[in-house]
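# Topology and contacts: notes
Next come the chains, spelled out residue by residue.
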Amino acid sequence: MSAIAGIVHTEGQEALWEDSWRLYASLGHIPADTTGVWKGNEAFLSCHAQWITPESVHEKIPFYDEANGLSITADAILDNREQLADQLQISRRELAELADSELILRAYQRWQTDVTSKLLGDFAFAIWDDRKRTLFAARDITGMRSLYYRHDGQRFAFCTLMNPLLSLEGVSKELSESWLSEFLAIPAMHGAADIQLTAYRGVRQLPPAHTLLFRDGKVELNQYHRWDEVEPLRLKSDGEYVEAFREVFAQAVSTRLRTHRQVAAALSGGLDSGAVVGFASGTLRSQGKKLNAYSYVPVSDFKDYTPKTLLADERPFIRSTVNHVGNISENYLDFEGRSPFSEVDTWLDMMEMPYKFFENSFWIRGFYEKASEQDAGVLLTGARGNFTISWGPALEYYASLMRSGRWVRLFKEMKQYSERTGMKFSRIARITAQKAYPERFQSSRSGGIPHATNQLIHPEFAKKTGVLDRLGSLVVLQGGAQADALKVRAEKFNNLAIASKNGAMATKCSLRYRAWERDPTSDARVIQFCLSVPIEQYVNQGTDRSLIRRATSPELPDNVRLNQRVRGVQPADWLHRMIPDWGAFTSEIRALCSDSRVAGILNTDRIYAALQNIPQPRPELASHPDLRLMMHSLIVYRYIRQF
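Parameters and conventions
Residues numbered from 1 in each chain as written. Predicted model: local features only at pLDDT ≥ 70, side-chain atom pairs only at ≥ 80, totals over all residues. Heavy atoms only, no water. pLDDT = per-residue confidence, 0-100. Contact = heavy atoms within 4.5 Å. Core = buried A, V, L, I, M, F, W, Y, C linked by side-chain atoms within 4.5 Å. Buried < 20%, exposed > 50% of the residue type's maximum accessible area, 1.4 Å probe, protein only. Helix = DSSP H or I, 4+ residues; strand = E, 2+ residues; numbered from the N terminus. Phe/Tyr/Trp six-rings, centres within 6.5 Å; stacked < 30°, edge-to-face > 60°. Lys NZ or Arg CZ within 6 Å of the ring centre and 35° of its normal. Pairing = 2+ DSSP bridges. Axes fitted to C-alpha atoms, helices over the stretch in contact; angles between N-to-C directions. 1 Å grid on protein atoms, 1.4 Å probe; cavity = no way out; pocket = protein on both sides within 12 Å on 5 of 7 lines; lining within 4 Å. Points joined across faces, edges and corners; volume = space filled by probe spheres on them. Nonpolar A, V, L, I, M, F, W, Y, C, P; charged D, E, K, R; others polar. Salt bridge = Lys/Arg side-chain N within 4 Å of Asp/Glu carboxyl O.

## Digging into the confidence of the model for the protein chain
- Per-residue confidence for the protein chain gives a mean pLDDT of 93; residues scoring 70 or more make up 96%.
- Note on residues 444-453: pLDDT is under 50 here. Beyond four places in sequence and across chains, it has 14 contacts.
- Per-residue pLDDT stays below 50 along residues 476-482; that stretch engages in 11 contacts with residues further than four places along the chain or on separate chains.

Here you go:
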């Protein structure tokens with residue numbers, strides 16, 4: 001909802017004034033409905049505000065409470081306003097006029113630094129206490145809003161974006177080798193394992209689920225939340241689990257519709273986005289609004305090469321959902337003329353750092369552009385649903401049954417799963433055994449596509465930075481040893497590096513296009529509930545993702561809700577889109593391999609070998625690791641050229 005910035009400076013009024021206006025001016029490119037500043041003797045706060053919620057239209061931010069000597073700037077949408085109002089004895093009439101920033105400040109006055117445990121929503125905020133001469137800042141549990149800071153002795157500055165912190169007096173733009181080495185070495189989609197590192201030396205990030213206290217020239221960080229030891233939920237029947245799910249999910253969706261502008265949603269042919277749209281549509285109908293749904297589709301000349309179990313064009317399932325749910329305005333978007341190659345510079349400018357999600361880059365940004373065109377203040381997604389509402393890894397569950405010797409249930413489940421999916425029983429049994437006892441099935445693969453992980457970083461750069469020793473077991477081949485499904489799921493929620501990556505993308509896209517990404521599947525109440533539900537509710541009678549399939553019978557058509565045979569794949573046509581620019585792409589890769597600026601950083605020998613391995617692009621090679629290696633190297637190359 002805002003781009004916020006601030007500084008605490010003890011080196012005199014003149015220095016504070018100069019740095020303050022540098023920070024403020026550096027956010028001038030953000031499209032804002034209004035801007036505001038507050039300046040005290042030692043501190044300065046600012047905000048470039050975008051009006052998303054009804055209350056934000058009249059919000060005064062930064063807000064200064066003179067009676068208590070407190071000032072706040074906030075990038076926040078709260079989802080438990082009524083609960084907070086009751087705890088703070090605020091009437092509903094007063095609450096209707098109260099902006100989220102002032103509500104946070106009142107909560108801070110009551111609970112001080114414990115305030116974060118009382119807040120639900122997407123937020124990053126900072127509060128200056130003039131009497132205690134302290135700055136308190138916080139970031140939400142799932143990290144949906146970003147916050148960066150720089151600490152130079154007695155000068156402490158923070159901002160929603162990184163580049164403004166490089167505009168301060170005496171600061172130079174320098175690449176962080178520690179961050180870059182982790183970005184290159186980690187095979188997963190996130191950037192760095194060190195959750196405080198950023199791409200720039202001297203610029204740190206406040207991690208998700210953390211608070212920061214700056215006092216007496218020192219920075220203190222504290223993690224206020226982890227997803228550990230969630231108490232199991234024990235209900236009497238399957239029906240009670242369904243009702244409990246519907247209650248918590250409906251609340252998560254409803255609270256994310258709070259905007260005076262239009263509401264949009266990303267919609268595929270699957271369960272997660274379908275559930276979000278299904279629950280949102282009815283509420284919006286009662287408000288007299290129609291939901292704008294955005295669906296990616298391949299370009300018209302693309303021929304689907306994917307196997308019969310995958311679907312590149314999900315329109316048949318999407319249309320079924322739209323027709324069943326109603327109150328939806330469909331937008332099928334193919335973004336013809338765009339590709340991951342054409343998007344690189346825009347994304348580098350927006351993200352302020354390299355990124356790895358290039359395959360989806362053109363349609364993600366395209367959805368935000370469409371939301372901006374249609375004046376949507378909220379863009380709903382179901383991005384985290386695979387590990388919350390639609391979790392249900394059948395084969396991993398069957399492996400646990402096999403390891404524990406529960407043979408009767410195992411064979412019954414596998415037989416039912418075979419009937420529902422069309423997969424042969426013998427194949428299910430073989431895969432289950434491999435997952436249950438991976439050490440017995442280890443063998444060297446031959447004739448397949450080689451893994452390219454860990455080959456982007458130059459060995460000398462890895463040695464110089466000590467990155468492989470730092471990361472240890474995190475640097476593993478994708479598709480390597482099987483991991484326990486429950487442990488993988490827990491790691492997804494406690495891995496703050498993943499949350500930071502997601503939050504950075506959501507924050508920076510929302511600021512550019514004035515549309516706030518809101519994900520009900522990432523609601524803290526939804527996560528808590530889903531982690532508490534026993535696995536038998538997620539895999540039952542041969543049905544994977546069983547809970548959401550049962551719980552969405554009113555919202556989703558049966559061909560979508562009960563579909564276990566075909567799943568959508570996005571975007572299968574990314575390489576097809578790049579073929580017209582293949583010459584320019586390969587020329588840049590050749591230039592990269594001979595450029596001294598990346599020599600000793602990128603593994604140019606391996607990159608050149610990847611180029612030789614693919615002399616001609618074919619759409620069906622989209623998943624080839626050599627292509628991913630080249631795209632990642634090009635993105636990093638263009639980033640390094642900025643220094």
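## As for the nonpolar core
- Among the nonpolar cores identified, the biggest contains 93 residues, and Leu180, Leu184, Trp347, Phe367, Trp574 and Phe585 are the most heavily contacted of them.
- Among the elements that line this core, the one with the most residues is helix H24 (residues 625-640), at 10 residues.
- Sequence-distant contacts of Trp574, that is, excluding residues within four places in its chain, are made with Pro340, Phe358, Glu359, Phe362, Ala622, Leu627 and Met631.
- Counting 59 residues, the second largest nonpolar core, distinct from the first, contains Ile389, Met402, Ala485 and Val533.

## Points about the packing of aromatic side chains
- Following the criterion strictly, the structure yields 34 aromatic pairs and no others.
- Through a chain of ring-to-ring contacts, the aromatic side chains of Tyr294, Tyr296, Phe335, Phe362, Trp363 and Phe367 assemble into a single cluster.
- Seen from the ring of Trp516, Arg145 lies directly overhead, with NZ or CZ sitting 3.7 Å from the centre.
- Looking at Arg489, its charged tip hangs above the ring of Tyr538, at a distance of 5.1 Å from the centre.

## Things to note about the sheet that holds strand E13 (residues 262-266)
- Spatial ordering of the open sheet is given by E16-E14-E13-E17-E18, a layout of 5 strands whose pairing is parallel. At either margin of the open sheet sits one strand with a lone partner, and together these are strand E16 (328-333) and strand E18 (516-518). Here the strands of the sheet are splayed against their neighbours by 25° on average, with no regard to which way each runs.
- Seen against the sheet, helix H10 (residues 361-373) touches E13, strand E14 (291-296), E16, strand E17 (376-380) and E18 and runs at an angle of roughly 155° to E14.

## A word on empty space enclosed by the protein
- Applying the stated criterion across every chain yields a total of 3 cavities of 30 Å³ or more.
- Of the volumes computed, that of the largest cavity is approximately 230 Å³.
- Around the largest cavity, the lining comprises 23 residues; the ones closest to its centre are Trp179, Gly191, Ala192, Met353 and Lys501.
- The element best represented in the lining of the largest cavity is helix H17 (residues 496-513), accounting for 5 residues.
- Residues of the lining of the largest cavity, tallied by class, amount to 15 nonpolar, 5 polar and 3 charged.
- Here the second largest cavity defines a volume of roughly 90 Å³.
- Around the second largest cavity, the lining is made up of 13 residues, and of these Leu120, Gly121, Ile141, Thr142 and Ala524 lie nearest the centre.
- Of the residues that constitute the lining of the second largest cavity, the class distribution is 5 nonpolar, 3 polar and 5 charged.

## Examining the pattern of salt bridges
- Evaluated as defined, the whole model comprises 46 salt bridges.
- Two residues, Arg256 and Asp523, come together in a salt bridge whose shortest N-O distance is 2.7 Å. Placement of Arg256 in the loop between helix H6 (238-255) and E13 and of Asp523 in the loop between E18 and helix H18 (524-532) is noted, with a sequence separation of 267 residues between them. Grouping residues by exposure puts Arg256 and Asp523 together as buried.
- As a salt-bridge pair, Arg525 and Asp523 come within 2.8 Å of each other at their nearest N and O atoms. Grouping residues by exposure puts Arg525 and Asp523 together as buried.
- Three or more residues joined by partner-sharing salt bridges are found here, namely Asp79, Asp122, Arg256, Arg518, Asp523 and Arg525.

## Overview of the pairing of strand E1 (residues 2-9)
- Counting buried positions along E1 yields 8 of 8 residues, so the element is predominantly enclosed.
- The side-chain alternation of E1 yields two buried faces, one formed by Ser2, Ile4, Gly6 and Val8 and the other by Ala3, Ala5, Ile7 and His9.
- One ladder, built from 7 bridges, connects E1 with strand E3 (residues 43-49); its direction is antiparallel. Paired with Ser2 across the strands is Ala49, a residue of E3.
- Both E1 and strand E9 (residues 155-159) contribute to a ladder of 5 bridges, which runs antiparallel. Each bridged residue has a counterpart across the sheet, and for His9 the counterpart in E9 is Arg155.

## Quick notes on unusual backbone geometry
- Residue Pro62 is reached from Ile61 by a cis peptide bond, and omega for that bond is 0°.
- Examined against the element boundaries, Pro62 turns out to sit in the loop between E3 and strand E4 (63-65).
- Omega for the peptide link from Gln570 to Pro571 comes to -25°, which places this bond in the cis form.
- Structurally, Pro571 is set in the loop between strand E19 (567-568) and helix H21 (574-578).
- Positive phi values are uncommon outside glycine, yet Gln89 reaches one of about 55°.
- Secondary-structure assignment places Gln89 in the loop between helix H2 (81-87) and helix H3 (92-95).
- Located in the positive-phi region is Asp216, a residue other than glycine, with phi close to 55°.
- One can find Asp216 in the loop between strand E11 (210-215) and strand E12 (218-223).

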